[in-house]
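Below, each chain spelled out in residue letters.
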Amino acid sequence: MKILRSIEEIESLRSEWQSRNLRIALVPTMGYLHAGHLSLVHIAKAQSDRVIVSIFVNPAQFGPNEDLDRYPRDFDRDERLCAEAGVDAVFYPAATDMYAADHSTWVLEDSLSQTLCGASRPGHFRGVTTVVLKLFNLSGCSVAVFGRKDAQQALIIRRMVRDLNVPVQVVFAPLVREPDGLALSSRNKYLSPAERQGALSISRGIFQAEERYRAGVREAAPLLAVVQESISAAGGKIDYVALMDQDTLRPLAVADRPALLAVAAFFGQTRLIDNVFLE
Ligand code: AMP
């Protein structure tokens with residue numbers, strides 16, 4: 001497995017692989033890898049000849065009061081997990097190599113980015129779309145895999161690819177959970193045992209809402225209430241619990257078309273997200 005730290009290294013590997021007509025898959029991550037990330041790698045391997053995992057805690061997608069500096073990092077462990085998973089190359093750039101001091105070009109998706117996490121985290125998705133397009137260009141990937149854990153992000157990337165005719169196939173991967181239901185996330189490391197226990201109320205509420213949906217309930221109010229009550233009863237602070245149209249990410253009063261029930265909530269200082277696609 002190759003470790004690529006510079007722009008020159010990834011560009012030269014890309015040229016070599018493309019000259020041999022190898023199909024390249026990219027799995028963009030911020031590292032501190034877990035089974036959710038590795039499930040993306042397995043999907044990528046099945047769809048390509050070579051897999052690149054990028055590990056980059058992208059400063060452009062963090063707000064001024066967010067956790068950029070304390071975001072968990074363990075490159076040695078990530079490297080080992082990637083090697084075990086059969087990754088061909090890890091791209092691990094420095095922020096100063098990814099962004100020139102006078103970087104001034106941004107990719108702005110202007111519709112889906114306005115709600116949910118986009119409303120709570122101004123500028124976040126501008127940072128995501130910009131770095132993802134850079135990573136697509138650098139890696140020369142034909143396919144890229146994104147997890148449904150970050151549903152809004154995946155939908156925005158798919159929109160960017162369509163709108164800008166980016167020649168990359170975007171694959172959505174299922175959300176991977178702990179056996180007790182908690183959505184796997186690098187940020188789970190921040191949770192104290194009591195906070196982690198409380199955080200289970202998010203997935204519990206989501207499962208109950210999903211059950212109601214399967215039983216035929218379509219009105220947003222009862223679907224959202226069960227999630228809100230679950231989180232509030234466990235002492236969580238809700239950022240949003242919302243039922244959105246999957247195509248527009250605008251609120252739905254009735255889930256009469258493919259919908260996304262999305263949640264963001266704080267347990268302690270830690271902001272967690274979770275969701276379910278209702279379709
Ligand atoms: P991150 O390192 O958190 O930026 O995530 C990198 C990629 O892994 C994104 O496409 C995420 O959606 C995906 N991912 C993170 N956690 C999970 C999970 N629990 N299940 C599936 N995909 C995930």
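With that out of the way, let us pick up the overall build of the protein chain. Helix and strand counts for the protein chain come out as nine helices and nine strands. A globule of 279 residues ought to have a C-alpha radius of gyration of about 19 Å, and the protein chain, at 19 Å, matches this closely. Across its three principal axes, the protein chain shows a C-alpha extent of roughly 55 × 40 × 40 Å. Per-residue burial for the protein chain yields a buried fraction of 56% across its 279 residues. For the protein chain, the share of sequence-separated contacts (at least 6 apart) that also reach a separation of at least 24 residues comes to 72%. Surface accessibility of the protein chain: about 12,700 Å² in total, with carbon and sulfur atoms responsible for 48%.

Summarising the element assignment, V41 is placed in helix α2 (residues 35–46). Each C-alpha atom of the pair V41 and D76 lies 18 Å from the other, and the pair is 35 residues apart in sequence.

What follows covers α2. Along its twelve residues, α2 runs 17 Å from first to last C-alpha, staying within 8% of the 16 Å computed at 1.5 Å per residue. For α2, the complete set of buried residues consists of G36, H37, L38, S39, L40, V41 and A44. Next to the buried residues of α2 lie β2 (24–29), β3 (50–55), α3 (75–84), β5 (143–147) and β6 (169–173).

As a further point, take the site of the ligand. Near the ligand lie 17 residues; those nearest to it are H37, G147, D150, V176 and L184. In this structure, G147 approaches the ligand through a main-chain N or O atom, which is 2.9 Å from an oxygen atom. Burial of the ligand by the protein chains amounts to 93% of its free accessible area of 480 Å². Of all the secondary structure elements, the ones that give two or more residues to the shell around the ligand are β2, α2 and β5. The leading source of residues in the shell around the ligand is α2, at three residues. Its residues placed into classes, the shell around the ligand shows nine nonpolar, six polar and two charged.

It is worth spelling out the environment of Q153 at this point. Residue placement: Q153 occurs in helix α7 (residues 151–163). Put simply, Q153 and E8 are 145 residues apart on the chain and 28 Å apart in space, counted from C-alpha to C-alpha. The contacts of Q153, once residues within four sequence positions are left out, are F125, V128 and F146.

Turning our attention to the packing of helix α6 (residues 124–139) against α7. Two numbers describe a pair of packed helices, the interaxial angle and the distance between the axes. Closest axis-to-axis distance for the α6/α7 pair is 11 Å, and the angle between their directions is 55 degrees. By the angle class used here, α6 and α7 are oblique. In the packing of α6 onto α7, the handedness of the crossing is right-handed. Taken together, the residues of α7 that come into contact with α6 (itself represented by F125, V128, T129, V132, L133 and F136) are Q152, Q153, I156, I157, M160 and V161. Along the lines of polarity and charge, the residues of the contact of α6 with α7 split into nine nonpolar, three polar and no charged.

This part covers the pairing of β6. By the criterion of burial, β6 is predominantly enclosed, with four of the five residues buried. Regarding the hand of the β-α-β motif, the stretch spanning β5, α7 and β6 is right-handed.

On to the sheet that holds strand β7 (residues 237–245). Either a parallel or an antiparallel arrangement is found when strands of a sheet pair, and the pairing is made through backbone hydrogen bonds. The antiparallel open sheet is built from three strands, whose spatial order is β7-β8-β9. Here the strands that pair on one side only, and so sit at the sheet edges, are β7 and β9 (270–278). Taking the axes of each pair of neighbouring strands and ignoring which way they run, one obtains an average angle of 10 degrees across the sheet.

Moving on: the pairing of β5. Counting buried positions along β5 gives five out of five residues, so the element sits mostly inside the fold. Both faces of β5 are covered, namely the face carrying V143, V145 and G147 and the face carrying A144 and F146. Note: β2 against β5, two bridges, orientation parallel. Bridge pairing in β5 places L26 opposite A144. Pairing between β5 and β6: five bridges, direction parallel.

In space, the six strands of this open sheet follow the order β1-β4-β3-β2-β5-β6, with parallel pairing throughout. Here the strands that pair on one side only, and so sit at the sheet edges, are β1 (2–4) and β6. Shown here is a sheet whose adjacent strand axes are inclined to one another by a mean of 25 degrees, direction ignored. Against the sheet, helix α1 (residues 7–19) contacts β1, β2, β3 and β4 (89–91), and its axis sits at roughly 130 degrees relative to β1.

Attention now goes to the domain arrangement of the protein chain. Domain boundaries in the protein chain define domain 1 (2–173) and domain 2 (186–274). The distance between the C-alpha centroids of domain 1 and domain 2 comes to 26 Å. Counting from both sides, the interface comprises 22 residues of domain 1 and, opposite them, 18 residues of domain 2. Regarding the contact of domain 1 and domain 2, the summed buried area is about 1,800 Å², with carbon and sulfur atoms giving 57% of it. Inspection of the region where domain 1 meets domain 2 yields one salt bridge. R187 is the partner of D67 in a salt bridge, and the nearest nitrogen-oxygen pair spans 2.8 Å. Summed over the shared surface of domain 1 and domain 2, the result is eight residue pairs in polar contact (both at pLDDT 80 or more). Broken down by secondary-structure element, the contributors of at least two residues to the side of domain 1 that touches domain 2 are α5 (116–120) and α7. When residues in the side of domain 1 that touches domain 2 are grouped by element, the largest group, four residues, is from α7. Tallied by class, residues from the side of domain 1 that touches domain 2 come to nine nonpolar, seven polar and six charged.

The rules we used
- Residues numbered from 1 in each chain as written.
- Predicted model: local features only at pLDDT ≥ 70, side-chain atom pairs only at ≥ 80, totals over all residues.
- Heavy atoms only, no water.
- Helix = DSSP H or I, 4+ residues; strand = E, 2+ residues; numbered from the N terminus.
- Rg over C-alpha atoms; globule rule 2.2 N^0.38 Å.
- Buried < 20%, exposed > 50% of the residue type's maximum accessible area, 1.4 Å probe, protein only.
- Contact = heavy atoms within 4.5 Å.
- Areas by Shrake-Rupley, 256 points an atom, 1.4 Å probe, with all protein chains shown as cover.
- Expected span 1.5 Å × (residues − 1).
- Near = heavy atom within 4 Å.
- Polar contact = N/O pair within 3.5 Å; in protein donor to acceptor, adjacent residues only side chain to side chain.
- Nonpolar A, V, L, I, M, F, W, Y, C, P; charged D, E, K, R; others polar.
- Axes fitted to C-alpha atoms, helices over the stretch in contact; angles between N-to-C directions.
- Parallel < 35°, antiparallel > 145°, perpendicular 65-115°, else oblique.
- Left-handed = near helix turned anticlockwise from the far one by under 90°.
- Right-handed = clockwise from strand over helix to strand, strands pointing away.
- Pairing = 2+ DSSP bridges.
- Domains from an automatic or database assignment.
- Buried area = accessible area lost by both parts, 1.4 Å probe.
- Salt bridge = Lys/Arg side-chain N within 4 Å of Asp/Glu carboxyl O.

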